[in-house]
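Architecture and fold: a report
Residue strings, one per chain:
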Amino acid sequence: AGHGGTNAGQSGSAGPPAPERVLFPPTFSVSEIKNKQRRHFMFLRWKQQQRKEKLAAKKKRRKEREALGDKAPPKAIPKTIENQRVYDETTVDPNDEEVAFDEATDEFAPYFNRQTVPKILITTSDRPRGRTVRFCEQLATVIPNSHVYYRRGLALKRIIPQCIARDFTDLIVINEDRKIPNGLVLSHLPDGPTAHFRMSSVRLRKEIKRKGKEPTQHVPEVILNNFTTRLGHSVGRMFASLFPHDPQFIGRQVATFHNQRDYIFFRFHRYIFKSEKKVGIQELGPRFTLKLRSLQKGTFDSKFGEYEWIHKRREMDTSRRKFHL
Amino acid sequence: QVVWSMLGNRQFCSYKMTTKTQNFCRNEYNLTGLCNRSSCPLANSQYATIREEKGRCYLYMKTIERAAFPRRLWERVLLNKNYEKALEQIDENLIYWPRFIRHKCKQRFTKITQYLIRIRKLTLKRQRKLVPLRRKIERRERRREEKALIAAQLDNAIEKELLERLKQDTYGDIYNFPIHAFDKALQQQDAESESESDAEREEEDDEDVDKREFVEAEDSDLSDFEDMDKLETSSEEEQEEEEEVEKTASHSKSKGKTPLKGPARRKRPYIEIEYEEETEQTTKTKAA
């Protein structure tokens, strides 16, 4: 009874190609046909028809728009998660004086005033396995003026005063689990904030496709993208303070920290300007993504430290449109 | 004796565990842990053990007289924290007891104190805290990261940022892409008449020759970073690359690969350049 509306002459599973306009009566539903082959065929035809209709509607809309010319209503912007993001009240306004004042007096001020040169110590948790070791080495080539030391069972609390004595400005600890690095603790040494990240999708240099040669000794540029809130700003400044303030443009290397939906992607590229509107980039150097877990005010101290921000899963992960960095 | 012949040797003792080479006794009052005639607490009516609770060691003793009172069977003596004094205590409590039991008691006590010391030392050192991962959360985070990566469009973002910086002149004079001057020159070209443009073209040909040299030098040297001087010399000249730029742009290959050798193709139709080419190559070989 339901197939009465279909075109006469269509029978069997692989019938002749459907004509231009196939009329499906409104009560017809493809799922009512018991025969699987025929049902499949009907479904495909229905789909084709839907697509045609959609295309026709699009064309019509475009014609209307052109016909209206200037008076046409503006194009509808598709909703993305970034568009729909819950407005965070701590978003930094570029002209905010209070923020500017804060940043001029916080722990990174001497770095941004070019009084201190960053010197970085990279270490791991106990007994690092091969992958972590290699990752540390590559990270050391990426970040200029950095040294890798192995931790043979030394407590972090005892290392820190020694580092301060030897004039290090930053400490990076790469935590390891089951032979892959999975955590990063970055602490600014002379009593600066400590950030604890979870690290994921680490790719060493040999795993990156179409990579170039090794990173050279030039100081790279730094790009920090999308750090909008106050928290994001402080984390961004932490990252910026890892690299010396005067990039050597001759080296044409750039390190990028891109924040997207609370995930910070790190990439290291070599760029070349082919023309003034076109640039080519070539990836060299390791890549990894970080997710901020906690930010502590002083140096690393898990028990008595004063936490500025901790990621609390129950409170903070409730909305899909809410991000903190 | 009777007990042993009944339980221990032949029939079933619930504390007994057998493995391929040994019999073990799971009884908590057992002194050595093996299932023997001499170290079974059930079979011996006079028995003593050392046990420790919460870091303190006790000496437990069992005598024949109390065999009828199971509740008061085991007598407990708290041992001194001091190792030697505790040994003396064991001796004075187990005086006149068979040598085997005394010896084994002292051995057991030694072992217990050793492991207690080790526990105390380890707790002072850093403990590794295992935090369990929640699988669902883990999966969710991974998926979100993938989506964020796709949404980020990193390459585009980086390129845009670099072009922005170029426009804002953060690179200074290194690159010969003065954009506004280029536009102005374009407009100039359009506005002028043909003869003048012909004259310009002739000049440009000469300039092209030089320019091409410079561009070539740039590209070939940029692939190995050792000769920075040539870059600087080319930047010092500060010639505007108008048509060159267009040509290289049209020949641009995929971005990820090594710097392109586009202008290399242009060498052939101009005979004049060959002369300069050779010098170029000689200088290259000298440098390399």
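That block above? That's the structure.
My aim in this report is to walk through the structure given alongside it, one point at a time. As the structure is a computational prediction, the values presented were derived from the model and not from experiment.

A short note on the overall build of chain B
- Summing up its helical and strand segments, chain B has ten helices and five strands in all.
- Going through the 288 residues of chain B one by one, you find that 33% of them count as buried.
- Contacts spanning at least 24 positions in sequence make up 44% of the contacts within chain B whose residues lie at least 6 apart.

Concerning empty space enclosed by the protein
All names here are of chain A.
- Under the defined criterion, the tally for this structure stands at nine cavities of 30 Å³ or more.
- Its boundaries defined by the atoms lining it, the second largest cavity holds a volume of some 100 Å³.
- Along the walls of the second largest cavity sit Leu139, Ile143, Ile172, Leu184, Leu186, Phe239, Leu242, Phe243, Phe257, Phe266, Phe288 and Leu290, which together make up its complete lining.
- Breaking the lining of the second largest cavity down by element, the ones donating at least two residues are strand 4 (180-188) and strand 10 (287-296).
- Taken together, the residues of the lining of the second largest cavity break down into twelve nonpolar, no polar and no charged.

Points about the packing of aromatic side chains
- Within this structure, the stated rule accounts for 13 aromatic pairs over all chains.
- The interplanar angle of 70 degrees and the centroid separation of 5.5 Å between the aromatic rings of Tyr271 of chain A and Phe273 of chain A together place this pair among those described as edge-to-face.
- By relative accessible area, which is 0% here, Tyr271 of chain A ends up buried.
- Taking 5.6 Å as the distance between ring centres and 65 degrees as the angle between the ring planes, the aromatic pair formed by Tyr29 of chain B and Tyr60 of chain B counts as edge-to-face.

As for unusual backbone geometry
- Despite not being glycine, Arg252 of chain A has its phi angle at roughly 55 degrees, a positive value.
- Here Arg252 of chain A lies in the loop between helix 6 (230-240) and strand 7 (253-260).
- Owing to a relative accessible area of 5%, Arg252 of chain A belongs among the buried residues under this scheme.
- Positioned with a positive phi, Gln153 of chain B is a non-glycine residue whose angle comes to about 50 degrees.

Structural notes on the layout of surface pockets
- In this structure, the second largest pocket encloses a volume near 460 Å³.
- Lining the second largest pocket are 21 residues, and of these Ser319, Arg320 and Phe323 of chain A together with Arg140 and Arg144 of chain B sit closest to its centre.
- It is helix 4 (residues 135-152) of chain B that contributes the most residues to the lining of the second largest pocket, six residues altogether.
- Split by residue class, the lining of the second largest pocket holds five nonpolar, four polar and twelve charged.

Some points on the pattern of salt bridges
- Under the counting rule described, the total for this entry stands at 13 salt bridges over all chains.
- Here Arg165 of chain B makes a salt bridge to Glu221 of chain A, at a shortest N to O gap of 2.9 Å. Placement of the pair is Arg165 of chain B in helix 5 (residues 154-167) and Glu221 of chain A in strand 6 (residues 221-225), with the two residues belonging to separate chains.
- Using a relative accessible area of 18% as the deciding quantity, one classes Arg165 of chain B as buried.
- A salt bridge links Glu308 of chain A to Lys297 of chain A, with the shortest nitrogen-to-oxygen separation between them at 3.0 Å. Taken as a pair, Glu308 of chain A in strand 11 (residues 307-310) and Lys297 of chain A in the loop between strand 10 and strand 11 lie far apart in primary sequence, eleven residues in all.

Focus on the nonpolar core
- Formed by 38 residues in total, the largest nonpolar core has its most connected members in Ile172, Ile174, Phe197, Phe239 and Ile264 of chain A.
- When residues no more than four places from it in sequence are discounted, the contact partners of Phe197 of chain A are Asn182, Gly183, Leu184, Leu186, Val235, Phe239, Ile264, Leu290, Lys291, Leu292 and Arg293 of chain A.
- Listed in part, the 23 residues of the second largest apolar core include Tyr29, Ile50, Tyr60 and Trp97 of chain B.

Remarks on the pairing of strand 6 of chain A
Residue and element names in this part refer to chain A.
- Because side chains alternate across strand 6, one face comprises the buried residues Glu221, Ile223 and Asn225, and the other comprises Val222 and Leu224, none of which is buried.
- Taken together, the five bridges between strand 6 and strand 7 define a ladder with parallel strand orientation. Directly across from Ile223, in strand 7, lies its bridge partner Thr256.
- Handedness of the crossover is the feature at issue here: the chain leaves strand 6, passes through helix 6, returns alongside strand 7, and the resulting connection is left-handed.

Conventions and cut-offs
- Residues numbered from 1 in each chain as written.
- Chains lettered and ligands numbered in written order.
- Predicted model: local features only at pLDDT ≥ 70, side-chain atom pairs only at ≥ 80, totals over all residues.
- Heavy atoms only, no water.
- Helix = DSSP H or I, 4+ residues; strand = E, 2+ residues; numbered from the N terminus.
- Buried < 20%, exposed > 50% of the residue type's maximum accessible area, 1.4 Å probe, protein only.
- Contact = heavy atoms within 4.5 Å.
- 1 Å grid on protein atoms, 1.4 Å probe; cavity = no way out; pocket = protein on both sides within 12 Å on 5 of 7 lines; lining within 4 Å.
- Points joined across faces, edges and corners; volume = space filled by probe spheres on them.
- Nonpolar A, V, L, I, M, F, W, Y, C, P; charged D, E, K, R; others polar.
- Phe/Tyr/Trp six-rings, centres within 6.5 Å; stacked < 30°, edge-to-face > 60°.
- Salt bridge = Lys/Arg side-chain N within 4 Å of Asp/Glu carboxyl O.
- Core = buried A, V, L, I, M, F, W, Y, C linked by side-chain atoms within 4.5 Å.
- Pairing = 2+ DSSP bridges.
- Right-handed = clockwise from strand over helix to strand, strands pointing away.

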